[in-house]
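Per-entry structural report
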Amino acid sequence: MGRVRFGPARVPSRESPSAAIALLRKRGFNACEIDFEGGFWMDYEWAAEFGQRAREEKIALSVHAPIAGFMGHVERDKKQRMAVGMLDHSAGIAKAAGAEPVVFHPGFLLGRTRAAAIKSITEQLAELRARLEGKGRAVPFGVEVMGRVREIGSLDDVLEISRPVLDFAHMHATSDGAFTDVEPFAAALEAADEVLEPGAPFHIHFSDIAYANRNETKHLPYGEGTLRADPLRQALRKFRRTANVISESPDLESSLAIQAVLASARTPSRRASSSSASSSRPRSRRN
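A short tour of the structure in this document, coming up. (Residues numbered from 1 in each chain as written. Predicted model: local features only at pLDDT ≥ 70, side-chain atom pairs only at ≥ 80, totals over all residues. Heavy atoms only, no water.)

**Brief notes about the packing of helix α2 (residues 44-56) against helix α3 (residues 78-97)**
Look at α2 against α3: their axes get within 7 Å of each other, and the N-to-C directions meet at 40°. Comparing their axes, α3 and α2 come out oblique. Residues Tyr44, Ala47, Ala48, Gly51 and Arg55 of α2 lie in contact with α3, whose contacting residues are His89, Gly92, Ile93, Ala96 and Ala97. When grouped by side-chain class, the residues that make up the contact of α2 with α3 number six nonpolar, three polar and one charged. (Axes fitted to C-alpha atoms, helices over the stretch in contact; angles between N-to-C directions. Helix = DSSP H or I, 4+ residues; strand = E, 2+ residues; numbered from the N terminus. Parallel < 35°, antiparallel > 145°, perpendicular 65-115°, else oblique. Contact = heavy atoms within 4.5 Å. Nonpolar A, V, L, I, M, F, W, Y, C, P; charged D, E, K, R; others polar.)

Below, the structure is given as structure tokens:
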């Protein structure tokens, strides 16, 4: 299997970059997602030092953009311009820190068909890409698979838009708890593997999850729900692609428990393929 890097969805200290890196090292983490969901708290100087120290310790960084930073707005109004600004600033911080990808949510249907919403998202994302290229901050973006079954953001939706960020808690919720064995994990990883460029890691969000009517309700401490890390561990063994697994668990103990399960992975046979998890497994179909 490829290397599995694991870490939290939040920088563990805002006191200083050195304090944050020290906590990541102490806990055995070698990945971390910079948490801007609720707003920006890190400036460019902080990001640059954090990124430098992370590189020295071989800790892979990514960025989660603010929740309001999504593409596919119906109107090119103030909200859309603010969203562009949020994603632009997220990319700037990511560039300073050497972090990738910038994770963002795909937005909403807003009364449109799924095809129309996806078309709008991809068009606005392409415009954003041109803007970022002009600023020298065209870092990779990743679209997160979402946890509400009637909204935009299924795995198939995300595969059509951009680089996928596989959120297995969300997929467990929208599938009414189907991610209990290796097969659905492997199928999702294969679908992502087919569209990711060579060398790009799987970017994965993971935590236990509560859900109702195929919609997520909240992240749970590990073991309180029905999502487990062992099937993910087994599915990852079928691929040579590196995986960055980000824990969105609400407590440190849960993250450490998930980390322990994933760390128990062993080297697979030489028959493992970087392009296919299994020739007998049905491929993901796009709608």
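**What to know about the pairing of strand β9 (residues 215-220)**
Taken together, the five bridges between strand β8 (residues 208-212) and β9 define a ladder with antiparallel strand orientation. Along β9, the bridge assignment pairs alanine 212 with asparagine 215. Between β8 and β9, which follow one another and run antiparallel, lie two residues, and asparagine 213 among them has a positive phi close to 55°. (Pairing = 2+ DSSP bridges.)

**So, the sheet that holds strand β10 (residues 243-247)**
Within a beta sheet, neighbouring strands are joined by backbone hydrogen bonds and run either parallel or antiparallel to one another. Strand order in the open sheet formed by eight strands is β1-β10-β7-β6-β5-β4-β3-β2, and the pairing between neighbours is parallel. The two strands at the open ends of the sheet, each matched to only one other strand, are β1 (4-8) and β2 (31-35). Along the sheet, successive strands turn relative to each other by an average axial angle of 30°, direction set aside. The pairing of β1 with β10 spans five bridges and is parallel. If you follow valine 4 over to β10, its bridge partner there is alanine 243. Together, β2, β3 (60-64), β4 (102-104) and β5 (141-144) form the strand contacts of α3, whose direction differs from that of β4 by roughly 150°.

**What about the packing of aromatic side chains?**
Inspection of the entire model under this criterion finds eleven aromatic pairs. When the ring of phenylalanine 70 is compared with that of phenylalanine 108, the centres are 5.2 Å apart and the planes differ by 90°; the resulting orientation is edge-to-face. Placement of phenylalanine 70 in the loop between β3 and α3 and of phenylalanine 108 in the loop between β4 and α4 (114-135) is noted, with a sequence separation of 38 residues between them. The exposure class assigned to phenylalanine 70 is buried, which follows from its relative accessible area of 12%. Plain terms: the ring middles of phenylalanine 168 and phenylalanine 185 are 4.8 Å apart, the flat faces sit at 40° to each other, and that makes the pair tilted. Linking phenylalanine 168 in helix α6 (residues 168-174) with phenylalanine 185 in helix α7 (residues 182-195), this pair joins segments that are 17 residues apart in sequence. We classify phenylalanine 168 as buried; its relative accessible area is 0%. Put simply, the rings of Phe36, Phe40, Trp41, Trp46 and Phe50 pair up and form one aromatic cluster. Just above the ring of tyrosine 222 sits the side chain of arginine 228; from NZ or CZ to the centre is 5.5 Å. Directly above the ring of phenylalanine 202 sits arginine 241, whose terminal nitrogen or CZ lies 5.7 Å from the centroid. (Phe/Tyr/Trp six-rings, centres within 6.5 Å; stacked < 30°, edge-to-face > 60°. Buried < 20%, exposed > 50% of the residue type's maximum accessible area, 1.4 Å probe, protein only. Lys NZ or Arg CZ within 6 Å of the ring centre and 35° of its normal.)

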